[in-house]
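A look at the structure
Given next are the chains, with one letter for each unit.
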Amino acid sequence: MGRSGFRRGKRALSYIIEADEAPVVAVLGSGGGLRAHIACLGVLSEMKEQGLLDAVTYLAGVSGSTWAISSLYTNDGDMEALEADLRHRFSRQEWDLAKSLQKTVQAARSENYSLTDFWAYMVISKQTRELPESHLSNMKKPVEEGTLPYPIFAAIDNDLQPSWQEAKAQETWFEFTPHHAGFPALGAYVSITHFGSKFKKGRLVRTHPERDLSFLRGQCWECLNFITIFLGDVWRRTVANAKYVGRRIFAPLLRLQQSLQRERPALKDEGGEPNYNWLTEMLENWTRTFLEKQEQPDEDPESKGSVSDFLDFVRKTGICASKWEWGTTHNFLYKHGGIRDKTMSSRRHLHLVDAGLAINTPFPLVLPPTREVHLILSFDFISYCLLLRTIRATTDYCRRHKIPFPHVEEAKLDLWSKAPASCYILKGETGPVVMHFPLFNTDACGDDIEAWSDTYDTFKLADTYTLDVVMPLLALAKMNVRENKKKILREMRNAAMLYYLKRYAQSCSLV
């Protein structure tokens, strides 16, 4: 994507340059689960309040930040409504289990059902207490009209996992935008409305409906270390709330739980490795048993269908768990003659997972020359113990691939991490200027920085995020923007001046 068709700086820069001469500014949000979701909302809200969001061309996110970014567009950029919705969601300890289950069972009817579907509708919906049903393509209008920045959501190709930190790392990055989905390093994209449809040799074979934003959130946040904690909680609550969801559907589950307590299969094979075959076999046996029961003539036909669908969902989830299969979708590059890399074109399916597993920031998606980014505002929502890790990882990534990026000595990063400030400005001889904003910093948190970080630990369940916990985090993120407004404006002006001088020099060389 080039410069044309995107918004330009308005209120923040209009008094020094013309809007069409504004530099390209990108705002990045790191991962961090629910903490990143809330903090990113605070950043976006304050940038809107201060008139800074108008100067932003790209808005990119990884993991939890994608939740906030998608909410911005589903609310048409109305930050007051967005904050009111946030307060409403976290002022009540409720989760619509029935609706989440219904969406998951519906997703299980797809041939490409994977753990990502379960994660999206049963886990993230509980974390955020919402189930957005709109689509990424719905964001086209505001970005084409220039009322909101252009959103970019990041994922990585899980089939190339060993390459995440190696030479082919560029090819593993995958992006979603309102217009397309694809691999930037290959220049290979498919229309977002056809993402997930079946292709062969570059031709559309079978159309599948566009996946909703709930699924996209699951695609972009699969904190695998969190699964054991959360799924145990989901299971307990699912069984405990059986009477609210439907006795006919969950009565079998109660019996399944009793069977699970009686059947204690070996969890490891002879080689000492985990053996998941028992889970698949058990689920298949349970499914067959209960489906046979549904054939009895006194059963309600509508109930039969519900139970059948539900048991099919249980079976498929068990199979995906045994294979540890995430992010399954049709590969739109399958047998594509224009792709020389056989690894990319020989697979029938792609498996896309959270980009936070590689670099917990979407830097690689805004650094390509085609994006022409001059200034990057990087908001880091990771915990205090991992502070500045994103800068380290990005520096290493750019060094490996010869991408211009400001270099910071390791000794300086170590020093900064001991007492982090609220803003760091990184400049190199070439490439964009980077402003990096740690959420937890001594300027805002003082000596309580570790206590702040512990309060908002990545692996805490949604139930711990009551309103009196959410609002201070939102306020902290806002303060980080507000206190650094002058620095942001100064760097925007500097970037604008450098861009103007570059254009002037180019015009002179043509005379």
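Look a little higher up for the structure.
This text gives an overview of the structure that appears in the document. (Residues numbered from 1 in each chain as written. Predicted model: local features only at pLDDT ≥ 70, side-chain atom pairs only at ≥ 80, totals over all residues. Heavy atoms only, no water.)

Among the residues of helix H17 (residues 410-418), Leu413, Trp416 and Ser417 are the ones counted as buried. One side of H17 carries all its buried residues, which in axial view fall inside an arc of 100°. Residues of H17 that are exposed and point over 90 degrees away from its buried face: Ala411, Leu415 and Lys418. Buried residues belonging to H17 abut helix H16 (389-401) and strand S12 (424-426). (Buried < 20%, exposed > 50% of the residue type's maximum accessible area, 1.4 Å probe, protein only. Helix = DSSP H or I, 4+ residues; strand = E, 2+ residues; numbered from the N terminus. Arc of directions from axis to C-beta. Contact = heavy atoms within 4.5 Å.)

What follows concerns the packing of helix H3 (residues 79-90) against helix H20 (residues 467-483). Look at H3 against H20: their axes get within 9 Å of each other, and the N-to-C directions meet at 150°. Judged on the interaxial angle alone, H20 and H3 are roughly antiparallel. When the axes of H3 and H20 are compared, the crossing they make is right-handed. Touching Glu83, Leu86, Arg87 and Phe90 of H3 are Leu467, Val470, Met471, Leu474 and Lys478, all from H20. Residues that form the contact of H3 with H20 fall into these classes: six nonpolar, no polar and three charged. (Axes fitted to C-alpha atoms, helices over the stretch in contact; angles between N-to-C directions. Parallel < 35°, antiparallel > 145°, perpendicular 65-115°, else oblique. Left-handed = near helix turned anticlockwise from the far one by under 90°. Nonpolar A, V, L, I, M, F, W, Y, C, P; charged D, E, K, R; others polar.)

Below, the discussion takes up a nonpolar patch on the surface. A cluster of nonpolar side chains, namely Met497, Leu498, Tyr500, Leu501 and Tyr504, defines an oily patch on the protein surface of about 550 Å² accessible area. Among the secondary structure elements, Tyr500 is positioned in helix H21 (residues 485-510). (Patch = residues over 30% accessible without salt bridge, like charges linked within 9 Å, V, L, I, M, F, W, Y side chains within 5 Å. Areas by Shrake-Rupley, 256 points an atom, 1.4 Å probe, with all protein chains shown as cover. Salt bridge = Lys/Arg side-chain N within 4 Å of Asp/Glu carboxyl O.)

What follows covers the environment of Tyr456. Among the structural elements, Tyr456 can be located in the loop between helix H19 (449-455) and H20. Overall, Tyr456 belongs to the buried group, its relative accessible area being 3%. Residues Tyr456 and Ser383, spaced 73 residues apart in sequence, show a C-alpha to C-alpha distance of 8.0 Å. Not counting residues within four places of it along the chain, the set of residues in contact with Tyr456 comprises Arg35, Phe440, Tyr465, Val469, Pro472 and Leu473.

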